[in-house]
Amino acid sequence: MKKLLMATMMCLTMGTATSTMAAGDVAAGKSKSMMCAACHGTDGNSPSNMFPKIAGQGEAYLVKQLQEFKSGVRDNAVMAPMVAALSEQDMSDLAAYYAGNKTAPGAVSEELVEAGQKIYRAGNKESGLPACMACHGPSGTGVPAAKWPALSGQYAAYVEAQLKSFATGTRSNDPNSMMRDIAVKMTADEMKAVSAYVAGLH
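Okay, so let's go over this structure. (Residues numbered from 1 in each chain as written. Predicted model: local features only at pLDDT ≥ 70, side-chain atom pairs only at ≥ 80, totals over all residues. Heavy atoms only, no water.)

## Brief notes about the overall build of the chain
- A tally of regular secondary structure across the chain gives 11 helices and zero strands.
- Going from the N terminus to the C terminus, the chain shows its helices and strands as α-α-α-α-α-α-α-α-α-α-α.
- Among the 202 residues that make up the chain, the fraction classed as buried is 43%.
- Accessible surface, the chain as shown: approximately 10600 Å² in total, 61% of it carbon and sulfur. (Helix = DSSP H or I, 4+ residues; strand = E, 2+ residues; numbered from the N terminus. Buried < 20%, exposed > 50% of the residue type's maximum accessible area, 1.4 Å probe, protein only. Areas by Shrake-Rupley, 256 points an atom, 1.4 Å probe, with all protein chains shown as cover.)

So, in structure tokens, the structure goes:
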């Protein structure tokens, strides 16, 4: 809980901080995005749930992920070669392009809506699981200033896979182990339910 409170305070202070990220050029980003289209779609709405939708995602968050794929902080065999030759400007341009596009809404699995909504909005007091909306917002838009991602409309399969990766520690690029500490408290059913819920959240 202390980590969550600290992170929230960080978010509030970061909202007024001046970004040192290079300014992204949307037109240049669109041109450079052709290499990303096979997996993420022409506008960032991936045609397959194997790959995340990145349209409408926070610009700073996208830059962070690209930087960490390149440095190896976020280990991914598919993304590593894709980002190897990208410069900081390339990353900023791509992020600016995708951030400016709209996320295509997803469908919700009706049988999981109620359980998923409860976890997303209230967490689980018994296990100490905080509400997802505390960091990702009531409508799933995330907190761009804190580089906390939007979840609204994201593929359920992708969200569930990331939660499992955080829980096992195979994904570890979360600040202060925030997501690892949260995911490890979740049951498999809770992961599946909340992932289905955010897919239709908008």
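## Overview of the nonpolar core
- Core analysis: the biggest nonpolar cluster contains 17 residues, and I119, Y120, L163, M186, V194 and V198 have the highest contact counts within it.
- For this core, the leading source of residues is helix α11 (residues 188-199), giving five residues.
- When residues no more than four places from it in sequence are discounted, the contact partners of L163 are M179, A183, M186, M191, V194 and S195. (Core = buried A, V, L, I, M, F, W, Y, C linked by side-chain atoms within 4.5 Å. Contact = heavy atoms within 4.5 Å.)

## Some details on the packing of aromatic side chains
- Applying the stated criterion across every chain, the model contains two aromatic pairs.
- Geometrically, the ring pair formed by Y120 and Y197 is tilted, given 5.7 Å between the ring centres and 50 degrees between the ring planes. With a gap of 77 residues between them, Y120 in helix α7 (residues 110-122) and Y197 in helix α11 connect regions that are remote in the sequence.
- Classification of Y197 as buried rests on a relative accessible area of 8%.
- Geometry around Y155 places K53 over its ring, the cationic atom sitting 4.8 Å from the centre. (Phe/Tyr/Trp six-rings, centres within 6.5 Å; stacked < 30°, edge-to-face > 60°. Lys NZ or Arg CZ within 6 Å of the ring centre and 35° of its normal.)

## Brief notes about the environment of S109
- As for its position among the elements, S109 is in the loop between α6 (88-99) and α7.
- According to the relative accessible area criterion, S109 is partly exposed, its value standing at 23%.
- Along the primary structure S109 and A199 are separated by 90 residues, whereas in three dimensions their C-alpha atoms are 8.7 Å apart.

## A short note on helix α9 (residues 156-168)
- An ideal rise of 1.5 Å per residue puts 18 Å on 13 residues; α9 measures up with 18 Å between its terminal C-alpha atoms.
- For α9, the full list of buried residues reads Y158, V159, E160, Q162, L163 and F166.
- Residues of α9 that are buried sit in contact with α10 (178-183) and α11.
- Remark: G169 follows α9 within two positions and exhibits a positive phi of approximately 90 degrees. (Expected span 1.5 Å × (residues − 1).)

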